[in-house]
2 protein chains.
Amino acid sequence: MRIELNRSSQVPLARQIYRALSDRILSGYFAKGTRLPSVRQLTRMLQVSPVTVSHALDLLEADKLITRVQGKGTFVYEAGEVEVKKEVSNSPLQFPDYLHRSQAKHYSEKPVAINFSLSAVAADLLPTRELAESLRHLAQYYPEVLAQYGEIQGDLELRQALSSYLMNEQIAVSPQEILVTNGSQQGIDLVARSFIGPGDVVVTEEPTYAAAIDVFRSRGATILSVPMDEEGMRIDRLTALTDEVTPKLIYTVPSFQSPTGKVMSLRRRKQLLGLAEDLNCLVLEDDPWSEIYYDETPPPHIKSMDHSGHVIYLKGLSKMLSPGCRIGFLIASVSILNRLITAKTNADLGNPLLNQKVILPIFQSRQITPLLKQLRAALKQRRDLAIKLLKQHAPQGVRWIIPRGGFNLWLTLPPQANTIELLDEAERHHLTFLPGSACYPNEVEWNHLRISFSQVSEEQLRTGLVELCSAIASYLAAAGSRKGTTPLF
Amino acid sequence: MRIELNRSSQVPLARQIYRALSDRILSGYFAKGTRLPSVRQLTRMLQVSPVTVSHALDLLEADKLITRVQGKGTFVYEAGEVEVKKEVSNSPLQFPDYLHRSQAKHYSEKPVAINFSLSAVAADLLPTRELAESLRHLAQYYPEVLAQYGEIQGDLELRQALSSYLMNEQIAVSPQEILVTNGSQQGIDLVARSFIGPGDVVVTEEPTYAAAIDVFRSRGATILSVPMDEEGMRIDRLTALTDEVTPKLIYTVPSFQSPTGKVMSLRRRKQLLGLAEDLNCLVLEDDPWSEIYYDETPPPHIKSMDHSGHVIYLKGLSKMLSPGCRIGFLIASVSILNRLITAKTNADLGNPLLNQKVILPIFQSRQITPLLKQLRAALKQRRDLAIKLLKQHAPQGVRWIIPRGGFNLWLTLPPQANTIELLDEAERHHLTFLPGSACYPNEVEWNHLRISFSQVSEEQLRTGLVELCSAIASYLAAAGSRKGTTPLF
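Rules behind the numbers
- Residues numbered from 1 in each chain as written.
- Chains lettered and ligands numbered in written order.
- Predicted model: local features only at pLDDT ≥ 70, side-chain atom pairs only at ≥ 80, totals over all residues.
- Heavy atoms only, no water.
- Helix = DSSP H or I, 4+ residues; strand = E, 2+ residues; numbered from the N terminus.
- Pairing = 2+ DSSP bridges.
- Contact = heavy atoms within 4.5 Å.
- Axes fitted to C-alpha atoms, helices over the stretch in contact; angles between N-to-C directions.
- Phe/Tyr/Trp six-rings, centres within 6.5 Å; stacked < 30°, edge-to-face > 60°.
- Buried < 20%, exposed > 50% of the residue type's maximum accessible area, 1.4 Å probe, protein only.
- Buried area = accessible area lost by both parts, 1.4 Å probe.
- Salt bridge = Lys/Arg side-chain N within 4 Å of Asp/Glu carboxyl O.
- Polar contact = N/O pair within 3.5 Å; in protein donor to acceptor, adjacent residues only side chain to side chain.
- Nonpolar A, V, L, I, M, F, W, Y, C, P; charged D, E, K, R; others polar.

Tell me about unusual backbone geometry, residues and numbers included.
At the junction of S258 of chain A and P259 of chain A, the peptide bond is cis and its omega measures out at 10 degrees in the coordinates. Across the junction of E206 of chain B and P207 of chain B, the peptide omega takes the value 0 degrees, indicating a cis bond. Phi is positive for R366 of chain A, close to 60 degrees, though the residue is something other than glycine. Its identity as a non-glycine residue notwithstanding, H430 of chain B has a phi of 65 degrees, on the positive side. Secondary-structure assignment places H430 of chain B in the loop between α14 (419-428) and β14 (431-432).

Below you can see the structure in the form of structure tokens.
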């Protein structure tokens, strides 16, 4: 275990230690029942005072993440009995082992009957037939694509087609300002490795996309998060925060935000852009969802209003076209994009050419427009069904936000609930979801969960939501009765 | 321009500054004729003494990378007249702009008649027909692959097939010990971002793979390079070096090393492994070429002899199968692989599934074995032709290593030659190659070049090598005559 502390950070050391340990516990890297190193060992390992270590352990204990057993040591908390399994030993090679809310992704890979965790679209709703036709065409007329390296920046034909597509989105860019990436995730990572270093401040919405937290943390950044209201990120809170510190980057998902589904209003988008210009900091506008609207189109992209080059726009195509091809792209002004291309060069020397050529005809032929229309119509039905079912079956005290786009439903349970505990109950009902705690970079709220209604069939959605509501009801009842003796929190 | 200095490094600051500036000049990031910041500006910018800056500039001047013009400033050197083009201005946003020998890759993208720079295989020699058949099959029977995310670690079926394939290579690993990557480049990058941080020492062969230098540098590592002889990396020199410092990682390409084509002997492989065990450091065994042997199979992989888990094995499939799919993989013991999977999660959440399913049947059916046999036979003819042509046409004073595998030919010109200058002459002859200087992490040798004989047609190989020899002859003659008045170096 190697914990990297940032001694010049504004975040107190005890909180940094707390966070490092809680990340490892929440990610499952430290299994339940694992014995933690002693205060003395941690003091020596981290070169901090015993008081600091104790304070960090107090915070973990308050969160019920650890339990101290007199004369035996400190153990990762397990509901019920504490079982002594194994000690955390230092790896002989002393590797860093920074870990990782995105291991929450593993929830997506669990073999369960109904997967509400994976934020993806069912194959029959995506334009899979059109893409298969494109595969067939390549095999027949252009097999050399298999034997060629693509350009590091991305296939020029694809960048040209994307540039035309973006005109409809009110973003005027040349193919030279586009960098093709291996999904949105790589886009976030390339921005972080180009512009974020230890001690830099990154601002996100709270809650935010879990995997982005990991990327910024892995660069040694301090993440400050800003709450949202019905207009999205609260710019008043952001402004107050920037009186104290100057962020290097503001990360936002303005349209159908992940995980909450909220939309940033036009007014807030303008305010955010103005603030970024004043502070001379970058905005990373992550936009996987804006085409998937159900009621009305979201406000214009922040990038479409950016004349000073402060906004990097990131688009992933996995949600609307093809996760099997995993293509995304970044748009930035040339001086910024050159740094991103350098990072891409180091990272992998460019996306595979095959996948870029597979999706190319969908954009070149402008088929994308009617295909998206179909997708919206199909997903709107799912969304409406999901909301109807929740209204019918959700136990008292459960609230949700009706998403006006995207595929995510953000559910809130009563404050004393912990959706990581609920997950055990849900798995007994053969279903899974994303515990909301993965989405908080700082003070964690435990009583939320995210479900995606897009990946399951309509039939599964029906059964699954009824089961989920029943799991929530049993969990809340059990938690309520336990509360009588030992309060949960 | 933001230069990051490592003040705790054993490398003197002046040399770090020299290296940072020479990287920018050699990569073309600072164009010829660009004015550098003044000594006073650099002193302030880098927080070092004027003496240190002057010493760094002396080193650059000695290398003929810059020239000082009285009363005007310091300029990037240009053969012939110095033209004042533009000042290097600080970007308003102060981004890091660490740059990049791998921009040498851009040589590969130049539109020339004959490309000897790109280390790839011509489409007609790769099993493109078999892969196209696989594409057709997926389109017909398994189009859902386009709509599915793959596992982060890589498709399980592919990992199982690779595990069987590796048994033939005397590497016994389970699918759980394999991580699929986006080409070898990502493999190097994932290892670097998992295990290398500022101030860590990485050892490489000298010369080495240019893009690896960039990756390790971008992590803030100090690269120490060890010369080779006919048995590969000189372990006596490595041992002497490790008396002084303990490397975190030793990066080696033991079979048909890039760029030289050299092979590390069995004895040296064992010595290297023993040393890594003694030092408790990691070995990254990069193996893009071992299947492409012409005379005899290379000695066993270092990984096949590793019982202590110190070796990470990296295989790229682009050279032998399909650059259009860009798939590589890492093999490591589980505790190390877990860290690499974490890095892969942050980097891109996994390779696209499509490409993995495209190459799968070639391994599952064991077609790979006869296909590789065909590839070796075809490339051996090219190699033999290339050597024959060089013998006939190379000007006096040009030497080369006959590669016993791989596709690279390493040519050495007389010591006073500079192959970056030769490149201009070569481009007038409509051909390009990789200047050897890109491959030296420390003291640069300027008089080498690498050509790849695998990507051009047999006809192009004939014409191209005759033209290259003629370009070398003209360049050496011109350099010799200039030498009479102003010595080149």
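Having seen the structure, we can now continue with the description.
Outline the sheet that holds strand β8 (residues 249-252) of chain B, listing residues and values.
All names here are of chain B. The sheet built from eight strands is open, its strands ordered β4-β11-β10-β9-β8-β5-β6-β7 with mixed pairing. Lying at the two open borders of the sheet, with one neighbouring strand each, are β4 (178-181) and β7 (232-233). Where strand β9 (residues 282-286) meets strand β10 (residues 311-316), four bridges bridge the pair, whose relative direction is parallel. Across the sheet, V283 pairs through a bridge with V311, a residue of β10. The strands touched by helix α6 (residues 156-168) within the sheet are β4, β10 and β11 (328-331), with β4 carrying the most contacts at an inclination of about 115 degrees.

Give me the packing of aromatic side chains: which residues, what numbers.
Tallying each qualifying case throughout the model produces six aromatic pairs over all chains. Here F216 of chain A and Y251 of chain A contribute two aromatic rings whose centre-to-centre distance is 5.7 Å and whose plane-to-plane angle is 65 degrees, an arrangement assigned as edge-to-face. On the criterion of sequence distance, the pair formed by F216 of chain A in helix α8 (residues 210-218) and Y251 of chain A in strand β8 (residues 249-252) is long-range, its members being 35 residues apart. Pair check on accessibility: F216 of chain A and Y251 of chain A agree, each one buried. Ring plane angle 80 degrees and centroid distance 5.3 Å describe the contact between Y165 of chain B and F363 of chain B, whose orientation is recorded as edge-to-face. Pair noted here: Y165 of chain B is in helix α6 and F363 of chain B is in helix α12 (residues 353-364), with a separation of 198 residues, a long-range link.

I'd love a proper account of the sheet that holds strand β15 (residues 434-435) of chain B, names of residues and values included.
Note on sheets: strands pair through backbone hydrogen bonds, and any given pair is parallel or antiparallel. Residue and element names in this part refer to chain B. Here four strands make up an open sheet; going across it, the order is β12-β13-β16-β15 and the pairing antiparallel. Here the strands that pair on one side only, and so sit at the sheet edges, are β12 (399-400) and β15. Sheet analysis places β15 next to strand β16 (residues 448-452), joined by two bridges and oriented antiparallel. The residue bridging L434 from the neighbouring strand is R450, located in β16. Against the sheet, helix α13 (residues 368-393) makes contact with β12 and β13 (408-412), and its axis sits at roughly 20 degrees relative to β13, the strand it touches most.

Summarise the pairing of strand β9 (residues 282-286) of chain A; cite the residues concerned and give the values.
All names here are of chain A. In terms of residue burial, β9 counts as a mostly covered element, since five of its five residues are buried. Side chains L282, L284 and D286 of β9 all project onto a buried face; the interleaved residues V283 and E285 project onto the opposite face, where all are buried too. In this sheet, β9 lies alongside β8 in parallel orientation, the contact comprising four bridges. Counted as the bridge partner of L249 is L282 from β9.

So what about the interface of chain B and chain A? Which residues, and what values?
Quite often, the size of an interface is put as the accessible area lost when its parts meet. Listed per partner, the contact involves 79 residues of chain B and 79 residues of chain A. Buried area between chain B and chain A, both sides added, is near 6,100 Å², and the carbon and sulfur share of it is 59%. If you look at where chain B meets chain A, you find two salt bridges. Measuring nitrogen to oxygen at the nearest pair gives 2.6 Å for the salt bridge that ties R193 of chain A to D189 of chain B. Counting every contact that joins chain B to chain A gives 27 residue pairs in polar contact (both at pLDDT 80 or more). Looking at the side of chain B that touches chain A, the elements with two or more residues in it are α4 (105-109), α5 (128-141), α7 (183-195), α8 (210-218), α11 (334-348) and α12 of chain B. Counting residues per element, the side of chain B that touches chain A draws most heavily on α5 of chain B, at eight residues. The residue inventory of the side of chain B that touches chain A, partitioned by class, reads 38 nonpolar, 25 polar and 16 charged.

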